[in-house]
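Here are the chains, one letter per residue:
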Amino acid sequence: MSEVKIAAQLRTEFGKGAARRIRRAHQVPGVIYGHGQEPKHVSMPGHELLLALRTPNVLISLDIEGDGKELVIPKAVTRDPLKGFLEHVDLLAVKRGEKVTVEIVVSTEGELAPGGNLLEHVLNALPVEAEATHIPDGVTVSVEGLEAGTSILAKDIPLPKGTTLAVEEDTVVLQVVAAQAEAPAEGEGEEGEGAEGAEAAAAE
């Protein structure tokens, strides 16, 4: 995974008012934590950060003005619920060669067995442990020909070299279920019976 370089500044003002002023300046407030150090409050350019966060578990090299460089990965991202812009980012400080626990996307390929089967994602993302500078973007699993009742466990998913599971091996990640037949609309049968009754009455 390549690094994304972003310039940052230390923050000395806190609270909602300060955060609003930072966002009006097209910056995003964030906090760096980890390695037993005191949390470090920073602000980062919004557009550059938004582009970087399009990559899951992106490795960011922050060049903090007056404080040197810091290697981080995003741990929690807060967005505006209506407009979607970045409001705040929690960042985890990492070191080269260090193992970190992250969640990676599980994608699928192939077609399920015919017959209206449905694929259920029990886990939306798979917890794994990987070297901080070699976090995989995700993994792909084949579901070709799988029938209802089949489950794919964490141990069944092929992981890149150097990446290990951070969840129990027998944890269900995907499962195939049979599609449920649609139930008749409520009152449908009663209406039919009423119509037949009316016809019988008319015949008498």
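Residues numbered from 1 in each chain as written. Predicted model: local features only at pLDDT ≥ 70, side-chain atom pairs only at ≥ 80, totals over all residues. Heavy atoms only, no water.

1. Examining the sheet that holds strand β4 (residues 59–64)
Argument step 1. Around the barrel, which closes on itself, the six strands sit in the order β1-β3-β2-β6-β5-β4 with mixed pairing between neighbours. Going across the sheet, the axis of each strand differs from the next one's by a mean of 45°, ignoring polarity.
Argument step 2. Looking at chain direction, strand β2 (residues 27–34) and strand β6 (residues 86–93) are connected through four bridges and run parallel. Across the sheet, Tyr33 pairs through a bridge with Leu92, a residue of β6.
Argument step 3. Packing against the sheet, helix α1 (residues 16–24) makes contact with β2, β3 (37–45) and β6, and its axis sits at approximately 120° to β2. (Pairing = 2+ DSSP bridges. Helix = DSSP H or I, 4+ residues; strand = E, 2+ residues; numbered from the N terminus. Axes fitted to C-alpha atoms, helices over the stretch in contact; angles between N-to-C directions. Contact = heavy atoms within 4.5 Å.)

2. Focus: the confidence of the model for the chain
Low-confidence regions, as indicated by low pLDDT, have predicted coordinates that should not be scrutinised in detail.
Argument step 1. When pLDDT is averaged along the chain, the result is 87; 87% of the residues meet or exceed 70.
Argument step 2. Averaged pLDDT values over the elements of the chain bottom out at 48 in helix α3 (residues 188–203) and peak at 97 in strand β11 (residues 151–153).
Argument step 3. Segment residues 190–204 is flagged for pLDDT under 50; beyond a separation of four residues in sequence, or across chains, it makes zero contacts in the model. (pLDDT = per-residue confidence, 0-100.)

3. Digging into the environment of Leu119
Argument step 1. By secondary structure assignment, the location of Leu119 is in strand β8 (residues 117–121).
Argument step 2. Sequence-wise, Leu119 and Leu146 are 27 residues apart; in three dimensions their C-alpha atoms are separated by 9.3 Å.
Argument step 3. Apart from residues no more than four positions distant in its own chain, Leu119 is found in contact with Thr108, Leu112, Val143, Leu174, Gln175 and Val176.

4. Some words on the pattern of salt bridges
Argument step 1. By the definition in use, this model includes four salt bridges.
Argument step 2. Here Glu3 ties to Arg96 by a salt bridge, and the two come within 2.5 Å at their closest N and O atoms. A residue pair is termed long-range when its members are at least 10 positions apart, and Glu3 in strand β1 (residues 3–10) and Arg96 in the loop between β6 and β7 (99–109) qualify at 93 residues.
Argument step 3. What makes Arg96 exposed here is its relative accessible area of 57%.
Argument step 4. A salt bridge links Asp67 to Lys40, with the shortest nitrogen-to-oxygen separation between them at 2.7 Å. Of this pair, Asp67 sits in the loop between β4 and β5 (68–79) while Lys40 is found in strand β3, placing the two residues 27 residues apart along the sequence.
Argument step 5. Shared partners join several salt bridges into a network, and the residues in it are Lys40, Asp67 and Glu70. (Salt bridge = Lys/Arg side-chain N within 4 Å of Asp/Glu carboxyl O. Buried < 20%, exposed > 50% of the residue type's maximum accessible area, 1.4 Å probe, protein only.)

5. Considerations on the pairing of β2
Argument step 1. In terms of burial, β2 is a largely internal element, six of the eight residues being buried.
Argument step 2. Connecting β2 to the next strand, β3, in antiparallel fashion are two residues, including His35 with a positive phi near 60°.

6. Thoughts on the sheet that holds strand β10 (residues 138–142)
Argument step 1. Read from one edge of the open sheet, four strands run β10-β7-β9-β12, paired in mixed fashion. Edge positions in the open sheet fall to β10 and β12 (164–165), since each of these has one partner strand only.
Argument step 2. Summarising the sheet, β7 and β10 pair through five bridges and their orientation is parallel. In the sheet register, Thr108 faces β10, and the bridge partner there is Val141.

7. Thoughts on the side chain of Glu131
Argument step 1. Along the polypeptide, Glu131 turns up in strand β9 (residues 125–131).
Argument step 2. Buried charge without a salt bridge: Glu131, with Arg96 as the nearest opposite-charge side chain at an N-O distance of 7.1 Å.
Argument step 3. At a separation of 2.5 Å, a polar atom in the side chain of Glu131 contacts the main-chain amide nitrogen of Gly97.
Argument step 4. Those residues in contact with Glu131 that lie beyond four places of it in its chain are Lys95, Arg96, Gly97, Glu98, Lys99 and Gly162. (Lys, Arg positive; Asp, Glu negative; His and termini not counted. Polar contact = N/O pair within 3.5 Å; in protein donor to acceptor, adjacent residues only side chain to side chain.)

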